[in-house]
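# Topology and contacts: notes
The chain contents come next:
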Amino acid sequence: MDRQSLLPTPDEILGHPGRVFALEAEPGTQRRKLLRELSDAAGARGILCRRVDSDFELGGPWAGLRELFEELVPRLEEQAPDLLIQHDYELVTILPLLRHKLSPRNPNLTDLAPEHEQVRLYPADRAIRILHGLIDLLAEWKRRLSPEPWLILCDDFDRSGYLVRRFFAELMRRKGEGSRLVLLAACSPGEWAQAGALFAPAILAPPRRLFLEPEERQFVNPEQAAAEAEKIEALASVDPNDIELYLPALIRLWDLSDQPARAVPWQLVALTTYGHRGFYQDAERYGEAALAHLEECFPDDDKARLRLVT
């Protein structure tokens, strides 16, 4: 059977707004090629395609969403500035660089307090409210200015963070059919059952399983990884307020380097940053990684040890 025939066709996409398709196949260049081919075929039928990679390790908690909304912001500035203002709080949360030119109108008391005076943690449902605000923004943008069907191709969905999975689950539940959205989530073999657990069963198509030859992992020179990490650390020190931009790369490169213990302080920064903001499920991933090296990396730093253990 032709591999392409196992993917949803443009007719299926057009005929099933609100449906979630899952593709289980080995990650790598072959899978990306198939997704590009599907995107091209769908685009030829008037379907607007958006491809994103939601690998948490590569992009952090907002991997995938950041790409989706980065592309949207310039259009909002030009065509719908009222939506940009209405959803400024949500946008600066997932796009830190926007903070340099967009100030949220309604910050809460925790946002306004100096960092050393912030003693209150955000409630967990704040994160969910941010997701629903982004969903409202996307749906209203589509209604006004992009009424054509959309196909969102989300690669590495099984490697995404909790908030990204929750976003897509809520997006498709609330707005999938009405906004003419279709989602295709690409996962590694055997991973869809867990990755897709947040979706409403009624909107799920049977998963498509495709055999592709596993690809060898690309070798990364440990010394080169360390050199790249040091360059990024220098950039991060210029403006500590932009640290979220650098955390995924710093942690990944130090992990791949010949000095993996140097990733741990950055994992602690990520744990603190995202934990403080109420993104607890994703922050925990960084904490678990750092906790394994607690004794060797923080033998005398009681404050760091307390953060990790807590």
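Residues numbered from 1 in each chain as written. Predicted model: local features only at pLDDT ≥ 70, side-chain atom pairs only at ≥ 80, totals over all residues. Heavy atoms only, no water.

### Quick word on the overall build of the chain
Scanning the chain for helices and strands turns up 16 helices and 5 strands. Its C-alpha atoms give the chain a radius of gyration of 20 Å, near enough to 19 Å, the size a compact globule of 310 residues would have. On the principal axes, the C-alpha backbone points of the chain span a range of 60 × 50 × 35 Å. Within the chain, the proportion of its 310 residues that are buried is 48%. Sequence-distant contacts, at least 24 apart, represent 73% of the contacts inside the chain between residues at least 6 apart. When the accessible area of the chain is evaluated, it comes to approximately 15700 Å², of which 52% is carbon and sulfur surface. Averaging the positions of the 38 positive and the 51 negative side-chain charges in the chain gives two centres separated by 6 Å. (Helix = DSSP H or I, 4+ residues; strand = E, 2+ residues; numbered from the N terminus. Rg over C-alpha atoms; globule rule 2.2 N^0.38 Å. Buried < 20%, exposed > 50% of the residue type's maximum accessible area, 1.4 Å probe, protein only. Contact = heavy atoms within 4.5 Å. Areas by Shrake-Rupley, 256 points an atom, 1.4 Å probe, with all protein chains shown as cover. Lys, Arg positive; Asp, Glu negative; His and termini not counted. Charge placed at Lys NZ, Arg CZ, Asp CG, Glu CD.)

### Overview of helix α13 (residues 264-276)
With 13 residues, α13 extends 18 Å from end C-alpha to end C-alpha; this agrees with the ideal 18 Å at 1.5 Å per step. If you check which residues of α13 are buried, you get V264, W266, Q267, L268, A270, L271, T273, Y274 and G275. One or two steps after α13, the chain reaches G278, where phi turns positive at roughly 90°. (Expected span 1.5 Å × (residues − 1).)

### Some details on the pairing of strand β4 (residues 181-187)
Burial analysis of β4 places 7 of its 7 residues in the buried class, which makes it a mostly covered element. A two-sided burial pattern is seen for β4, the buried positions comprising L181, L183, A185 and C187 on one face and V182, L184 and A186 on the other. As paired strands, strand β1 (residues 20-24) and β4 are joined by 5 bridges and run parallel to one another. In the strand pairing of β4, E24 is matched with C187. Two strands pair when backbone bridges link them, and strand β3 (residues 150-155) and β4 are joined in this way by 5 bridges, in the parallel orientation. Directly across from W150, in β4, lies its bridge partner L181. (Pairing = 2+ DSSP bridges.)

### So, the layout of surface pockets
The volume enclosed by the second largest pocket comes to roughly 730 Å³. Listing elements by their share of the lining of the second largest pocket, those giving two or more residues are α2 (29-43), α3 (56-59) and α12 (243-256). Tallying contributions element by element places α2 first for the lining of the second largest pocket, with 3 residues. Partitioned by chemical class, the residues of the lining of the second largest pocket number 4 nonpolar, 3 polar and 13 charged. (1 Å grid on protein atoms, 1.4 Å probe; cavity = no way out; pocket = protein on both sides within 12 Å on 5 of 7 lines; lining within 4 Å. Points joined across faces, edges and corners; volume = space filled by probe spheres on them. Nonpolar A, V, L, I, M, F, W, Y, C, P; charged D, E, K, R; others polar.)

### Digging into the nonpolar core
Counting 77 residues, the largest nonpolar core has F69, L91, F167, F168 and F199 as the members making the most contacts within it. If sequence neighbours within four positions are ignored, F168 has contacts with L65, I152, C154, F157, L183 and F199. In this structure, I13, L23, A42 and L210 belong to the second largest nonpolar core, which totals 19 residues. (Core = buried A, V, L, I, M, F, W, Y, C linked by side-chain atoms within 4.5 Å.)

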